[in-house]
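Given next are the chains, with one letter for each unit.
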Amino acid sequence: MTRKRAIDLTGADGLDNEKRVRLLGIIDRLRELGISENVSLPQLVVVGDQSSGKSSLLEGLTGLSFPVASDLCTRFATQIVLRRAPEGQGQARITIIPGPTSRLDETLNQNLLAFEKTLAAADFGCQEFEDIFDEAASCMGIPGPKAKNLEDVEKRFSDDILKIELSGPDHRHLSVVDVPGLFHNPTKFQTEEDRAIIRKLIEDYMTDKRTIILAVMDARNNLANQEVFSMARAADPAGKRTVGIVTKCDALQAGDEAGVLRIAKNEVERLTHGWFAVRNRSTKEIQEGVTIEGRHRKEKEFFSTVHPWTELKKDRVGINALKSFLGHLLYDHIRSEFPAVVADIEKLSLETQKELEILGPSRQTPAEQRRFLTRLASTYQNEVDRALTGNYSADLEAQSPLKLRMHLRQHADDFATSMATEGHAKVFRTIQDETDPEFSRPAGDSENIYDWIRRYYLESRGSELPGTVNPVVLQNMFRQQSSPWEKIAIIYLEKTASAVHSFNQQVFAKIIPDNDVREKIGGVLSQPGEETYRQAHDQLLMIVNDERGGILQTVNHYFADTLSSTRQERVIARLEGLGLHDGYLFDMKTVLKGVHLSNEQQAIFDIHDILKAYYKVAMKRFMDNVVVQVSERYIVGEEGPVKMFSPDLIGGLDDDMLTDLAGENFSTASRRNDLVSMAARLREALDIAKRAVL
């Protein structure tokens, strides 16, 4: 008959008081909900090299006797959760939490989730523990304590977690994790790949900012050779989350104690929380039947009587001192981290709900697909309305593509600046024959506009009377003077279309997380978008041709007023050039002499002034028409690419097109189910957490 070794039900007394019970109970309930998969929860994790005494240390902390076997029983992480339960209701419940690798295989994931063993606490002995370990390992697909022929197994370690929940009237709330020990030299039983898996698992636990690292050191091995301490330094440089624990002190050779004592006194590897020294049951003592209570007595006797271990402070030796310290440390750690934990749950809950809203309800049927796309189109139109009215979100970056109206205004301003500085082939002059500052530019044609007008006027003379100007000459000169307009306007159109394209890319990425759906919608919109741009380009060329291809005409009084004012200024300027001014005695001959010009010079000035006055009117008209009739009508108008994705468009799609665009694949459906489950768990977690009063 198999002899059973009962569990010590007082193993966690040092970690208990009313406040700790309540707070640790809340964390435990959050962990039960699976919140730890997405939100980091405070916990104790035991790390160390293989055979460093981790399992024995855990035994002392929890009262749970691990099977006496090789390190085969620690080929996966083991989470031990202690709970208080009324008299007569104590039990042991063992389950498996699937790791990231197993969750990729739906069948394996379900098999692991289905694994559950429940025993009365009194029936949960060492042999039962070993049998369950072996069965759990088999379920994970790895060798267990009873495994043979290790050379032939495909998988030796797992990222699944074995969860052992112990409850009883004398238990105290505690959660502690034991991870596989790190080994240094690969063998035929433990490969380099195994070592990488274990190292990654340990690193994941250590780098979690809410994990308290219980770093175990075998007193017989040099600290510098124990890699977990270099890993702990990397994960916790300040040593604020690390507690050093020296094991197997009694196994140290006489005379070798000095170096270990310096470490235990925190003089070598300095940790904020310092070091503890413990003495655990040896393999021989376990075989001889030394109980957990006997272990505690032997440990107390060792540190009280054996020199030089008596030099260590009483509150730094033995499992009871360690448990008492960890009780305070864990409680303080949880209390300080709890507000951040709640904040993380709230944030994740909002993100989950937002993703659910974007995914929307199931879309298996055409009706569901149409509702899904219509909702997306409405969301898109709301984004467009805000972007075009300048109602930007406060958290947008200064030059975010989502600030569409800002970019459109900037491109229009740049268009106006380019037209003012580069739109004219020749620079107009003032009455004083200086460069007109309104038309100045850094560089340009060096030919004086008067010389150009004179040359063109003389080369274009026809049957008109001397001193008069042929209207055809004015038309041709205006076409030459406005020749840069088309290029400048096309550049403006391209920039406007680019701004809309960037806006669409970013807003679609924002509202459509499904890459496949986003790409398909983009494909549907690309062809009509290109057609709209072609129409905009054609409209632009039409406006250019209207301004430069026909006769010169305007009903804008600004032209006549400007021309009249310019002519008057020229007369005044010539009179003042003769010394005539207000109050001067009138002399008709002198006045006529000042006013009169040769027919050719008069024609040159008239052409310049008419051309300049008309150019101003035509340029303003042209710029407004390009912005309003091209950019606003075609690019950001009702039929343009920035408003094309609309509920009306979705309403016109047939069932086949709907299925092609919004048909739901398996991964999307699975993701929705996961999100629904997660959202429910997060809501419950928030309800639990927010009821806590620290």
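Right above here is the structure, for reference.
As the structure is a prediction and not an experimental result, all values here were calculated from the model.

The rules we used
- Residues numbered from 1 in each chain as written.
- Predicted model: local features only at pLDDT ≥ 70, side-chain atom pairs only at ≥ 80, totals over all residues.
- Heavy atoms only, no water.
- Salt bridge = Lys/Arg side-chain N within 4 Å of Asp/Glu carboxyl O.
- Helix = DSSP H or I, 4+ residues; strand = E, 2+ residues; numbered from the N terminus.
- Buried < 20%, exposed > 50% of the residue type's maximum accessible area, 1.4 Å probe, protein only.
- Phe/Tyr/Trp six-rings, centres within 6.5 Å; stacked < 30°, edge-to-face > 60°.
- Pairing = 2+ DSSP bridges.
- Right-handed = clockwise from strand over helix to strand, strands pointing away.

Asks: Sorry if this is basic, but what is going on with the pattern of salt bridges here?
Replies: Opposite charge on two side chains allows them to pair when their charged atoms are near. If you walk through the whole model with that rule in mind, you get 36 salt bridges. One salt bridge connects Glu311 with Lys265, and the closest N-O pair in it is separated by 3.2 Å. Of the two residues, Glu311 sits in the loop between helix H10 (292-305) and helix H11 (319-359) while Lys265 sits in the loop between helix H8 (257-264) and strand E9 (275-277), which places them 46 residues apart along the sequence. Note on Glu311: relative accessible area 42%, which makes it partly exposed. In this structure, Arg621 and Glu547 form a salt bridge, with 2.8 Å as the shortest nitrogen-oxygen distance.

Asks: In this structure, what is going on with the packing of aromatic side chains? I would like to understand it.
Replies: One pair of aromatic rings is described through two measures. These are the centre distance and the angle between the planes. Under the defined criterion, the tally for this structure stands at 23 aromatic pairs. Judged by centre distance (5.0 Å) and plane angle (70°), the ring pair of Phe428 and Phe439 falls under edge-to-face. Taken as a pair, Phe428 in the loop between helix H13 (404-422) and helix H14 (449-459) and Phe439 in the loop between H13 and H14 lie far apart in primary sequence, 11 residues in all. Phe439 sits in the buried class, given a relative accessible area of 1%. Arranged with centres 4.8 Å apart and planes meeting at 20°, the rings of Trp485 and Phe622 form a pair that is stacked.

Asks: Is there a simple way to explain unusual backbone geometry in this structure?
Replies: Negative phi values dominate among residues other than glycine, just as trans dominates among peptide bonds. For the bond running from His307 to Pro308, omega is 5°, close enough to zero to count as cis. Here Pro308 lies in the loop between H10 and H11. Of note, the phi angle at Ser51 is positive, near 60°, even though the residue is not glycine. Within the secondary structure layout, Ser51 lies in the loop between strand E1 (43-47) and helix H2 (54-62).

Asks: Please clarify how the pairing of strand E8 (residues 242-247) should be interpreted in this entry.
Replies: Each regular strand shows side chains that alternate between the opposite faces of the sheet. Of all 6 residues making up E8, 6 are buried, and the element is well covered by its neighbours. The alternating pattern of E8 places Thr242, Gly244 and Val246 and Val243, Ile245 and Thr247 on opposite faces, both of which are buried. Here strand E7 (residues 211-218) pairs with E8 via 6 bridges, running parallel. In the sheet register, Val216 faces E8, and the bridge partner there is Ile245. For the crossover from E7 across helix H7 (residues 227-235) to E8, the handedness is right-handed. Here 3 bridges tie E8 to E9, and the two strands are oriented parallel to one another.

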